[in-house]
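Structure at a glance
Read off the chains here:
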Amino acid sequence: MILEVVKGSLKKGSDKIKSNDIFEKVVPYLFLLPSAIFLITFTYYPIFRSFYLSFFEHDLWMPEPQFAGLDNYVQLFNDALFMRVLRNNVIYLIGTIPVVIILSLFIAILINERTRFKEFYEAAAFSPTLIPMAAAAMLWVFLYNPNIGIINRVLRLFGHPGRAWINSSSTALGSLMVVMIWKNIGYFIILFLAGLQNVNQSLYESAKINGANWLQKHRFITLPLITPTLLFVIIVNIIESFRVFDIVHIMTQGGPANATNVFVYYIYQQTFRFWNFGLGNALTALLVIILFAIIIVIMRALRKYVQYG
Amino acid sequence: MLKGEIKIFSYKTKEKVGNLVSHIFLMIICLIIIVPIIWALTTSLQPSEAIFQEGFGLIPRSFRWQNYAEILDAAPFGIYLINTVIVVTAIVILQLLVVIPAAYSFSRLEYPGRDILFYIFIAQMLLPLQAIVVPNYDVMRFLGLINTRTAMVLPFVASGYGTFLIRQQFKQIPQSLLDSARIDGAGHLRILRHVMIPLSKPIITAFALISIVVHWNDYFWPLIITETPSVRTLAIGLGMFVQQESGADWTLLMAGTMFIVLPLLVFFIFNQRIFIESLMIKSGMKE
């Protein structure tokens, strides 16, 4: 109260009330300006440009883009390869997200319940997160090597001849998924550990007194209380699954026979290998729409389960 | 009486066994996670014929440190390292310079359109650069920035994540501190410098650390935008090295791989607590 009065009288005492007032009104926007310039130039303007140019046919051999209506989109939806790419992406999404979430939550709960070696477990699980994707990919090319790779060495120990892993179209996509799970799991373990710290310990105590077993305890106490973390992890995972690229580019180049060709890799191929800018822009527009659509659907579907605070 | 004691006893044993089983399980998981890194490290330190020996080769039988000297000759990894440091430093500094004022505006000032602008700012989180690389390439061509380090910095400067994170922190600073600063005649910039930023150091550090890790690893954008080794960064440099060396001298390839892994890994080992705490803050899940 007193503060307000003091502030008011200070303001009245000033001669430059008018210019000050206008300045004060503009200031909030001025603080946003530097960020806004970058945001518009390198995020929002490019997206709108892509949407616009997706209605034009344009490649390296055409001097000017030519209006083509929905041709690019029609071409994409009649393209068997693009359908394959979408299928690969969906398989990737369905194959990694549940595994990553269940494993990382399970491991986080186990770490959280222990008192000893906690820091060691955290550090070990987290270390792959720090490895650049390019390096992780290279490392796994070596692990998957059919002759000298450690995976086939272990298999041979058990009398199994081993597999070609990333060189066979039946195992390539799965092999890449394993690498991504290995690479990302530590990050989500840490996120879940953070979420678990907010769960009140006394709830576990009373569950114990009431004779709840381990599974019941976590099903009825832990799970409902970490839903905000869970939602966050699901959304991060969805975005991740649509931006997979580095690993494909280094390990398989989309092969064998397009078995590992995913959305962003396909954009890369069409635009920077075949120089078809029209298709590249249409793909960009589609990806932005797909990302937003999936995230909105997920948020709506899960909102009623999420408990805050 | 006796019955009760047995029950307590068996309950305790059960708990002990469960604890032991959990530790064994966690140890195995951690081993599986670390083994690939250890294997790459030992491979990178051995003579090239060593990898064809029997066994798993997790413990080196002979050392050959020259592998690391040789990859520095085979590809300009030294230049890549310098470029990476330049690009990552520039990204982090510029990010902080634009994100902090925006976070201040969104958290502490009132004006029409604030909330909708905030959503527009943070919606960027849903739009990874990978998704909009095609039009961004055009923008860079228009600006004449193809094949420059600048082009590797600019698209990452505005950060929805950073704005969100630092705004959350700024909101928690008591209004009374700001009021008394105002009475002392401090303007917005002085309030930012002397009140908001000093009180938000942990979050700002956290954001900077995350940003370093993320951009140290950038691969796709440098692949598109660079054409010559002189501007390339480590991750993409390794990618190019792999493709020209596909004849595969594995020890050299692994030396190159470890060369880009080790700086961050060593940095992490010495700052483990700060890193893990930062990540927990990053998720915004820790109060």
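The rules behind the values
- Residues numbered from 1 in each chain as written.
- Chains lettered and ligands numbered in written order.
- Predicted model: local features only at pLDDT ≥ 70, side-chain atom pairs only at ≥ 80, totals over all residues.
- Helix = DSSP H or I, 4+ residues; strand = E, 2+ residues; numbered from the N terminus.
- Rg over C-alpha atoms; globule rule 2.2 N^0.38 Å.
- Buried ≥ 20, exposed ≤ 12 C-beta atoms within 10 Å, placed from the backbone.
- Contact = placed C-beta atoms within 7 Å.
- Domains from an automatic or database assignment.
- Nonpolar A, V, L, I, M, F, W, Y, C, P; charged D, E, K, R; others polar.
- pLDDT = per-residue confidence, 0-100.
- Core = buried A, V, L, I, M, F, W, Y, C linked by C-beta atoms within 7 Å.

For the rest of this paragraph, the subject is the overall build of chain A. Scanning chain A from N- to C-terminus turns up 14 helices and two strands. Its C-alpha atoms give chain A a radius of gyration of 26 Å, more than 25% over the compact-globule value 19 Å for 309 residues. Counting across all 309 residues of chain A, residues that qualify as buried make up 39%.

In terms of helices and strands, chain B carries 14 helices and zero strands. Listing every helix and strand of chain B by position from the N terminus yields α-α-α-α-α-α-α-α-α-α-α-α-α-α. Put simply, chain B has 287 residues, and 41% of those count as buried. Considering only contacts in chain B between residues 6 or more positions apart, those separated by 24 or more positions represent 71%.

Our focus in this paragraph is the domain arrangement of chain B. Residue and element names in this part refer to chain B. Entries for chain B in the domain assignment read domain 1 (2-64) and domain 2 (75-282). Taken residue by residue, the interface counts eight residues in domain 1 and seven residues in domain 2. Per-class residue counts for the side of domain 1 that touches domain 2 are four nonpolar, four polar and no charged.

Residue and element names in this part refer to chain B. Scored by pLDDT, chain B has a mean of 83; 88% of the residues are at 70 or more. Averaged over each element, pLDDT in chain B is lowest for helix α14 (residues 272-282) (70) and highest for helix α3 (residues 77-108) (93). Interface predicted TM-score (ipTM) for the complex: 0.84; the corresponding pTM is 0.85.

This part covers the confidence of the model for chain A. A low pLDDT means the predicted coordinates there should not be read in detail. All names here are of chain A. Summary statistics for chain A give a mean pLDDT of 84 and a share of 93% for residues scoring 70 or more. Highest mean pLDDT in chain A belongs to helix α4 (residues 80-113) (92); lowest belongs to helix α1 (residues 2-13) (48). Contacts from residues 12-16, a stretch scored under 50 in pLDDT, to residues over four places away or in other chains number one contact.

Turning our attention to the environment of A:Phe277. Residues and elements named next belong to chain A. Within the secondary structure layout, Phe277 lies in helix α14 (residues 277-303). Owing to 26 C-beta atoms within 10 Å, Phe277 belongs among the buried residues under this scheme. Expressed as a C-alpha distance, the spacing of Phe277 and Ser50, which sit 227 residues apart in the sequence, is 9.6 Å. Discounting residues that sit within four places of it in the chain, Phe277 has contacts with His58, Asp59 and Thr271.

Next up on the list: the interface of chain A and chain B. For interface size, the figure often reported is the accessible area lost on association. If you look at the interface, chain A gives 73 residues, while chain B gives 73 residues. When residues in the side of chain A that touches chain B are grouped by element, the largest group, 15 residues, is from helix α2 (residues 17-53) of chain A. In terms of residue class, the side of chain A that touches chain B is built from 52 nonpolar, 14 polar and seven charged.

Attention now goes to the nonpolar core. The tendency in soluble globular proteins is for nonpolar side chains to be buried side by side. One finds A:Ala137, A:Met138, A:Trp140 and A:Ile247 to be the most contacted residues of the largest nonpolar core, which totals 119 residues. The dominant element in this core, judged by the number of residues it contributes, is α3(B), at 13 residues. Two domains each put at least three residues into this core: domain 1 (2-64) and domain 2 (75-282) of chain B. Excluding anything up to four places from it in sequence, A:Ala137 contacts A:Val179, A:Asp246, A:Ile247, A:Ile250 and A:Met251.

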